[in-house]
Amino acid sequence: MTLFSEAKESAFIAWTALRANKLRAGLTTLGIVIGIVSVTLMGTAITGLNDAFRKSVGNIGADTLYIQRFSWMTSETDWRLSRNRKELTLQNVRDLDRLVTLCSAVSVDSGGNGTVSFGRRQARGVYVAGNDENSLTVRGLSLSQGRWLTAGDVQSGRPVCVLGSYLADRFFPGREAVGGKVKLNDMRLEVVGVLDKQGSAFGNDLDNQIVIPITRFSQDFSRWPDLTITAKVRDLSQVDDAREELRGIMRKLRRVPPDMQDDFAINSQEAIVAFFNAVGGTIAAVGLFISGLSLFVGGIGIMNIMFVSVAERTKEIGIRKAIGAKRRTILVQFLVEAATITLGAGILGILVAWPLTLVVDKFLAASMPWWLVAVALLVSVLTGVVSGFLPAWRAARMDPVDALRAD
Amino acid sequence: MPLIQIHDLTRRYVMGTETVHALRGVTLTIERGEYIAIMGPSGSGKSTLMNLLGCLDSPTSGYYELNGVNVAHMDDNDLAEVRNREIGFVFQSFNLLPRSDSLHNVELPLIYAGIPSAERREQAVRALTNVGLGERMHHRPNELSGGQRQRVAVARALVNDPSIVLADEPTGNLDSRTGEEILGLFEALSRKGNTIIVVTHEEDVAQHARRIIRIRDGLIAADEVNPNPRAAMKFAAGGTSMVAA
């Protein structure tokens, strides 16, 4: 018997058998439908999460290195060992900028939260950034009005600021913000520029920020600010070399003896990505496992119903064997039947999950890529084959004499 | 070369702690074209013998050569192939697939034989026409009378052109008139050269055969030629006339 006509006959049998037991097939299908829906939704949530993360990380840029006292990814013990590290200083920034060759720019960054007011209007919880003249390029920002901080602003700590687009819109709706005077806590500042709309990264609204010279920042806003030295690598292929160069210079500047470990850390996007991949991978595995459980339960339902189907059709199996059906033929017949049920359920599950994904997408980034659909269908067929195997095997091994004797 | 050669065939079943000797050593030779009745009361072992003849079961010991091939110790799959090629079954309860129409039921052995679909259909249509059911090809078993169902079964048994037609109480579920129709069909087939073995416990049915083998307690009690086989009664719409030559 050729494989094709075997498959065709099996498909025909599966179809007539299912049609004869519509309700039963429907109810059994439900288990798989629920399983496929939950697995698919979990899949869309995970891919959505990944996409959202990648977008956020994209804002950081792979070519930016962050020199800080602490590593972003430290365990508690590491942190206890490193908490007594010396602060980074503004002098470090200047020296680095002078000595480094593999970075196009080095800037300083420090942050806090403050209240910005203009007349009677007030904005609380605004992100306050202490920057220098290089920060515009290094942070990858752009201006919609006015200018960025100049070297002079930074050196002499002039009371000037650059506003995020949200603050500018709020305080100066439809008006020129440049030249306006705002207050940051008790500090009077003149607006010299406005940033373009930036969106958000890691839950921080980048449009709700105010940028002031780092010198003014450490003088009037935060006494001992934790500085981050941000360096833009000239060539993406030389990130590792740049990191080594920065490390060497920093060790020299901070007089770290050769036998001591670094008393600072060079952080990068890579570290976050690695961390996220570790955490995200765990979340995905656990999530898929849990939602996979419902598919498993559905699979047990299929197995159950296939056992019933085999028992009910013992006579039919006997007839087919008497007429010349081999074990393999009977096995394939029931496997195809089980796979037909689960494939139908898979298709139904995707039809249910797709609009649900669109709903979920309103609250949380979620997307259903085509490969997920393909995987879901494959998984549903596989579920049918796996859970149908035992019943089909039992059918295939039946003794024709006994099977014919059944009612 | 005889069609069937059986030597000292035995079959034991173990049921719990008891061993049942269903066949205790049967030796038998059947030639091509014979019309044989195997008779015996229930429990005599005639069903066991039929299952062995039909390659549905394997003997505990002994020798069985069918069409020149020793089939006594074949495995499941090889036996399935032998059944498909050599044997056409006709059962007491028809044993048609209830959800398939006559045509598909008759096509089934050809599907398992791997015959391409166009040829398959042609042969099945011919077999159904030969038993007078050319008009009922797309009826399902529950839309047919008992006699018609048994004729579909006969068509299915013949479609593969097997060496033996093996009928197990073929008239058991039919009224006597329809039963005669089916027996008439067998007679016609026999005249055409088919080998027919009918297993029955009804003397009336057995008397149609040209040779009668009587089984008792797992042994052949008698094996005799029937000097005057009874002819099936002919009916206006009866079976015999429907077998095209």
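Further up the page is the structure itself.
The structure reproduced in this document is the subject of the present report. (Residues numbered from 1 in each chain as written. Chains lettered and ligands numbered in written order. Predicted model: local features only at pLDDT ≥ 70, side-chain atom pairs only at ≥ 80, totals over all residues. Heavy atoms only, no water.)

**Looking at the sheet that holds strand β3 (residues 35-39) of chain B**
All names here are of chain B.
Link 1 in the chain: With mixed pairing, the six strands of this open sheet are ordered in space as β6-β7-β8-β3-β9-β10. Strands at the two margins of the open sheet, each flanked by one partner only, are β6 (87-90) and β10 (219-225). Pairs of neighbouring strands in the sheet enclose a mean axial angle of 20 degrees, with direction left out of account. (Pairing = 2+ DSSP bridges. Helix = DSSP H or I, 4+ residues; strand = E, 2+ residues; numbered from the N terminus. Axes fitted to C-alpha atoms, helices over the stretch in contact; angles between N-to-C directions.)

**Side note on the interface of chain A and chain B**
Link 1 in the chain: Contacts between the two partners involve 26 residues from chain A and, on the opposite side, 26 residues from chain B.
Link 2 in the chain: Each partner contributes to the roughly 2,300 Å² buried at the junction of chain A and chain B, and carbon and sulfur atoms together form 58% of this total.
Link 3 in the chain: Taken together, the links from chain A to chain B amount to four salt bridges.
Link 4 in the chain: For E316(A), the salt bridge is made with R99(B), and the minimal N-O distance between the two is 3.9 Å.
Link 5 in the chain: Linking chain A with chain B are eight residue pairs in polar contact (both at pLDDT 80 or more).
Link 6 in the chain: Of all the elements in the fold, those that place two or more residues in the side of chain A that touches chain B are α1 (3-20), α11 (314-323), α12 (327-361) and α14 (400-405) of chain A.
Link 7 in the chain: Here the residues of the side of chain A that touches chain B are counted per class, giving eleven nonpolar, five polar and ten charged. (Contact = heavy atoms within 4.5 Å. Buried area = accessible area lost by both parts, 1.4 Å probe. Salt bridge = Lys/Arg side-chain N within 4 Å of Asp/Glu carboxyl O. Polar contact = N/O pair within 3.5 Å; in protein donor to acceptor, adjacent residues only side chain to side chain. Nonpolar A, V, L, I, M, F, W, Y, C, P; charged D, E, K, R; others polar.)

**A few points about unusual backbone geometry**
Link 1 in the chain: Phi angles above zero are rare outside glycine, and N185(A) is one such case at about 50 degrees.
Link 2 in the chain: By the secondary structure assignment, N185(A) is in the loop between β6 (181-184) and β7 (187-195).
Link 3 in the chain: Unusually for a residue other than glycine, D8(B) sits at a positive phi of about 50 degrees.
Link 4 in the chain: Its location among the elements puts D8(B) in strand β1 (residues 4-15).

**Description of the pairing of β3(B)**
Residue and element names in this part refer to chain B.
Link 1 in the chain: Of all five residues in β3, five are buried, a share of seventy percent or more.
Link 2 in the chain: Alternating residues of β3 divide into Y35, A37 and M39 and I36 and I38, and every residue in both groups is buried.
Link 3 in the chain: Bridge analysis of β3 against strand β9 (residues 211-216) gives four bridges, and the strand direction is parallel. What sits directly across from I36, in β9, is R211. (Buried < 20%, exposed > 50% of the residue type's maximum accessible area, 1.4 Å probe, protein only.)

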